[in-house]
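Below, each chain spelled out in residue letters.
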Amino acid sequence: MSGRFVRASKYRHVYGQPTKKELCYENVRVSNNAWDSNLIKVNPLYVAVNWNASGGGAFAVIPLSERGKIPDQIPLFRGHTATVLDTDWNPFDDNVIASGSEDGKVGIWKVPENYSVFTEQGESIADVSPVTKLSGHTRKVGHVLFHPVANNILASSSGDYTVKFWDIEAGKAKTTLKHNDMVVSMSFNYIGSLIATTARDKKIRIWDPRSEKVVVEGPGHAGAKNQRLVWMGEHDRIATTGFSRMSDRQVAIWDTTDIKKGPIGDFYMLDSSAGICMPFYDAGTKCLYLAGKGDGNIRYFEYDNDELYPLSEYKSAEPQRGLAFMPKRGVSVHDNEVVRAYKTVYDTLIEPIQFIVPRRAETFQSDIYPDCPSSEPAISSAEWFDGKDAAPKLINLESVYDGVEPIVVDGTIPTSASVPEVAEPGPSAPESVKEEAKPTPTPATTYKVPEKDLDKVLSTPKVDDMLAKASQAEDAPVPAPLAKEESSWDTEDVDEPATETPKLATETLKTATETPKPAVKETIPASSPLPTPASVTDSAAEPISEPAAGSTPKPTSAGSLVASKLEALHNHFTDAKKTLESYEQRFAEIIASNAKELSARDDRIGALEQEIEKLRILVVAKAGTVEEAPVEVNGIKKEVDDATPEPAEEMAVEN
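Residues numbered from 1 in each chain as written. Predicted model: local features only at pLDDT ≥ 70, side-chain atom pairs only at ≥ 80, totals over all residues. Heavy atoms only, no water.

Some thoughts on the sheet that holds strand β3 (residues 40–42)
For step 1, the next point in the chain: In space, the four strands of this open sheet follow the order β3-β4-β5-β7, with antiparallel pairing throughout. Edge positions in the sheet fall to β3 and β7 (77–80), since each has one partner strand and no second. Averaged over all adjacent pairs, the angle separating strand axes in this sheet is 20°, with direction ignored.
For step 2, the next point in the chain: Taken together, the three bridges between β3 and strand β4 (residues 46–50) define a ladder with antiparallel strand orientation. Bridge pairing links Lys41 to Ala48 in β4. (Pairing = 2+ DSSP bridges. Helix = DSSP H or I, 4+ residues; strand = E, 2+ residues; numbered from the N terminus. Axes fitted to C-alpha atoms, helices over the stretch in contact; angles between N-to-C directions.)

The structure is reproduced here in structure tokens:
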């Protein structure tokens with residue numbers, strides 16, 4: 001799009017507004033475990049945080065109304081025997097939350113009534129126990145995700161390379177999706193009939209979870225680090241973030257009906273930062289938000305016609321490790337807030353960030369608030385497992401603006417959300433991961449040497465005409481009146497090649513395909529080399545006689561003058577050709593040298609990535625047998641000794 005035109009958009013001026021520190025949530029202790037998760041989750045009532053606690057795994061739940069500095073000792077949700085890695089709120093019950101842990105268990109918890117992190121003086125602090133535990137995975141549970149439409153259905157991914165779908169009411173897994181490697185990200189489609197997953201084998205898969213079959217699969221980002229994905233609302237598209245082979249951060253849009261085709265419009269390059277990028281998609285505004293771990297900024301793009309249009313960027317000097325987005329039914333419609341994010345700052349503070357559309361009118365803005373998913377399930381777990389599909393039930397946000405009971409309406413199933421037929425798998429060769437083309441360096445300026453021979457250049461019709469005039473001038477007598485002044489053709493034609501050298505060089509390209517005209521005089525054909533000054537002088541048949549007394553002396557032969565000028569022109573073009581050839585040779589040497597250096601650097605980077613992957617596998621293997629593995633916090637590796645209680649906890653025990 002031309003830079004003179006600005007794309008019209010309702011969200012072009014969306015800006016992020018941070019919260020004052022006294023209205024944030026201070027004195028939190030975010031887990032320093034190195035597992036790749038979002039660390040926090042939020043709903044309209046609470047925010048859940050993976051807690052850095054000793055004596056087994058735990059997470060904390062903080063009511064959103066209790067802002068400011070929280071106490072040193074708060075009730076924790078304890079029940080896992082190892083670190084809690086991920087949590088997710090039930091979209092149909094704001095008091096129910098699920099958790100996954102390194103102990104291989106999935107916990108289902110219920111927030112007690114009148115729950116608060118503040119306790120009366122002298123009152124004992126009681127931890128919360130799980131309502132139920134779901135067992136079935138043989139390795140750690142890295143991610144948990146509730147179904148967006150059906151009630152009491154939970155998906156969990158594990159280090160045993162499986163994704164299980166649990167019926168919470170029955171307390172058992174109904175279906176299992178088997179992968180070739182550990183799943184690092186997953187997302188349901190709009191009606192929950194399909195689920196997209198990406199694993200460490202760098203492949204993207206679209207599954208039918210009830211038939212346990214892969215619908216579509218294909219290679220994703222080529223980088224060694226984890227990639228993330230998110231389903232883009234009602235569209236049959238997913239957005240992914242990952243890394244290239246050169247470790248550049250990328251974002252891409254994929255057609256879920258044909259992943260093998262590659263991303264739509266190729267990969268979009270973000271930057272060269274090392275942090276994993278967390279994607280979030282707001283279906284109401286069709287905006288994609290990207291937040292990198294270790295970054296302080298949050299980018300947001302508008303999705304339209306399979307293109308991502310950059311809107312703006314929220315910038316902050318305080319980096320985030322974890323990030324969560326509020327469900328649409330929990331935003332402040334009176335402030336024209338379209339999205340609210342919660343990010344962790346230095347693992348000790350949670351900061352809300354409001355993304356606001358600036359409007360002057362103080363009325364409900366229906367154009368930026370379409371109907372959004374409600375807190376009522378559309379179908380039950382039994383109906384979904386039996387094959388029934390339904391769209392989410394929606395609420396009108398104008399009723400929320402007016403402060404009345406939300407109006408719930410039934411949604412419609414988009415045509416793009418239908419489950420395609422699953423082809424029976426047949427014997428086929430394993431697919432190879434698509435490699436990205438390595439960039440080839442190009443010099444800043446490219447000089448192109450003309451390929452035409454100099455003799456061909458000088459055999460143009462104009463030069464032939466000059467030679468013909470010179471031959472005629474040798475035979476014709478020179479009139480006396482012209483002896484004292486220059487000839488007319490000498491000033492117009494003979495001097496023109498000498499003064500317009502670049503023009504002559506340019507005309508060679510235009511006359512390359514033309515057939516040169518024959519010379520007027522047979523003694524100097526167009527294809528023969530140019531005559532030297534001696535040959536031109538010898539061509540004069542009759543010697544010049546001495547002038548008579550009182551007569552005007554005859555001027556020097558015009559052919560000699562033309563020949564000398566043509567010889568100078570010949571020498572000039574010869575020198576220019578040699579100079580350009582030397583430049584061309586030098587640039588070729590520079591390009592070859594740069595290509596060798598880039599190839600060597602690519603080899604070194606590839607070797608380092610392999611070593612890093614080996615070390616990661618070694619650390620993960622050791623972490624399975626050792627009590628705690630080394631972790632990395634703020635770029636510093638240290639050992640975490642969970643067995644040693646913190647001073648504040650020791651004082652509490654003594655009291």
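Here the narrative resumes.
Some thoughts on the environment of Ser399
For step 1, the next point in the chain: Among the secondary structure elements, Ser399 is positioned in helix α2 (residues 397–402).
For step 2, the next point in the chain: Along the primary structure Ser399 and Phe364 are separated by 35 residues, whereas in three dimensions their C-alpha atoms are 9.8 Å apart.
For step 3, the next point in the chain: Beyond its immediate sequence surroundings of up to four residues, Ser399 is in contact with Val404, Glu405, Pro406 and Ile407. (Contact = heavy atoms within 4.5 Å.)

Observations concerning the pattern of salt bridges
For step 1, the next point in the chain: All chains considered together, the criterion is met by 26 salt bridges.
For step 2, the next point in the chain: The shortest N-O distance in the salt bridge between Asp306 and Arg237 comes to 2.9 Å. With a gap of 69 residues between them, Asp306 in the loop between β26 (298–304) and β27 (307–314) and Arg237 in strand β21 (residues 237–243) connect regions that are remote in the sequence. (Salt bridge = Lys/Arg side-chain N within 4 Å of Asp/Glu carboxyl O.)

Looking at the sheet that holds strand β8 (residues 84–89)
Adjacent strands of a sheet form backbone hydrogen bonds with each other and so pair up, either parallel or antiparallel.
For step 1, the next point in the chain: One open sheet accounts for four strands, arranged β8-β9-β10-β11; its pairing is antiparallel. Only two strands of the sheet have a single neighbouring strand rather than two, namely β8 and β11 (132–135). On average, adjacent strands in this sheet sit at an angle of 20° to one another, irrespective of strand direction.
For step 2, the next point in the chain: Where strand β9 (residues 96–101) lies against strand β10 (residues 105–110), five bridges are found, and the strand directions are antiparallel. Among the inter-strand pairings, Ser99 is bridged to a residue of β10, identified as Gly107.

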